[in-house]
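# Examination of the molecular architecture
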Amino acid sequence: AVYIKAGEYSLPRMSTGTAFTVSMGDTQYGESLNVKGSYNESGVQDFSKPTVITTQESNADVTSLLMDVAANNKPVTIEGLTFINKNSNGGTGMQASTGGGKVTLKNAGFRGNKANGLNIVSGSSGKILLVNTLFADGGTGLNGADSRTTVVNATFANNKADLTTSASVPSVYN
């Protein structure tokens, strides 16, 4: 597992495109990946002190995507992270492609992302599970959800569009 201390994180020398890429096809990550944010000084997860992945003001408009996650037939869990892409031309917080694997987000937030909070890549064959997730103040909160997407206890607030789906409808439990 990867544990991230509470605070704000950005890529300082971003010139274009995607800030952080996780591809489970790379052998360096092993058979699964757990990324857990919002840890305090004592090493305890504290969701009142978020871990924020964002863009720096100086390069915000060249960052189209904060995090690109490709599960590639493996499980990926991201917990306790908030994504804020300040790209005024249409930035996305996170993009997920399951590739037969499973992507789980827990206690996550997507705020102020002008394009999408979370974009699920069309044709992803695995499952997406979103638990206690906030989609707020952006373009489309959740884009590309389908019948392989399960949303549990999510909040959608002040988005231009809260949810867009593909041909099938996701399971939503609130």
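Heads up: these notes are all about the structure in this document.

Attention now moves to empty space enclosed by the protein. Tallied over the full model, the rule gives four cavities of 30 Å³ or more. Approximately 40 Å³ is the volume attributed to the largest cavity. Forming the boundary of the largest cavity are T98, I120, V121, S124, G126, I128, G144, D146, R148 and T149.

Take the nonpolar core next. One finds I78, M94 and L118 to be the most contacted residues of the largest nonpolar core, which totals 29 residues. Leaving out residues up to four positions away in the same chain, I78 has contacts with V35, M67, V69, M94, T104, L105 and K106.

Turning our eyes to something else, we now look at the sheet that holds strand β6 (residues 63-70). The strand order across the open sheet built from six strands is β3-β6-β9-β12-β15-β18, with neighbouring strands paired in parallel fashion. Here the strands that pair on one side only, and so sit at the sheet edges, are β3 (17-23) and β18 (161-165). Each strand axis lies, on average, 10 degrees off the axis of its neighbour in the sheet, ignoring direction. Where strand β9 (residues 92-97) lies against strand β12 (residues 116-120), three bridges are found, and the strand directions are parallel. Bridged to Q95 within β12 is N119.

What follows covers the pattern of salt bridges. Oppositely charged side chains may form a pair once their charged atoms are brought near each other. Taken as a whole and judged by the stated rule, the model has five salt bridges. A salt bridge links K49 to D46; the nearest nitrogen and oxygen atoms lie 3.4 Å apart. Taking the shortest distance from any N to any O, the salt bridge between D137 and R111 comes out at 2.6 Å. With D137 in the loop between β14 (134-136) and β15 (140-145) and R111 in strand β11 (residues 109-111), this residue pair connects regions lying 26 residues apart in the sequence.

Thresholds, definitions, all that
- Residues numbered from 1 in each chain as written.
- Predicted model: local features only at pLDDT ≥ 70, side-chain atom pairs only at ≥ 80, totals over all residues.
- Heavy atoms only, no water.
- 1 Å grid on protein atoms, 1.4 Å probe; cavity = no way out; pocket = protein on both sides within 12 Å on 5 of 7 lines; lining within 4 Å.
- Points joined across faces, edges and corners; volume = space filled by probe spheres on them.
- Core = buried A, V, L, I, M, F, W, Y, C linked by side-chain atoms within 4.5 Å.
- Buried < 20%, exposed > 50% of the residue type's maximum accessible area, 1.4 Å probe, protein only.
- Contact = heavy atoms within 4.5 Å.
- Pairing = 2+ DSSP bridges.
- Helix = DSSP H or I, 4+ residues; strand = E, 2+ residues; numbered from the N terminus.
- Axes fitted to C-alpha atoms, helices over the stretch in contact; angles between N-to-C directions.
- Salt bridge = Lys/Arg side-chain N within 4 Å of Asp/Glu carboxyl O.

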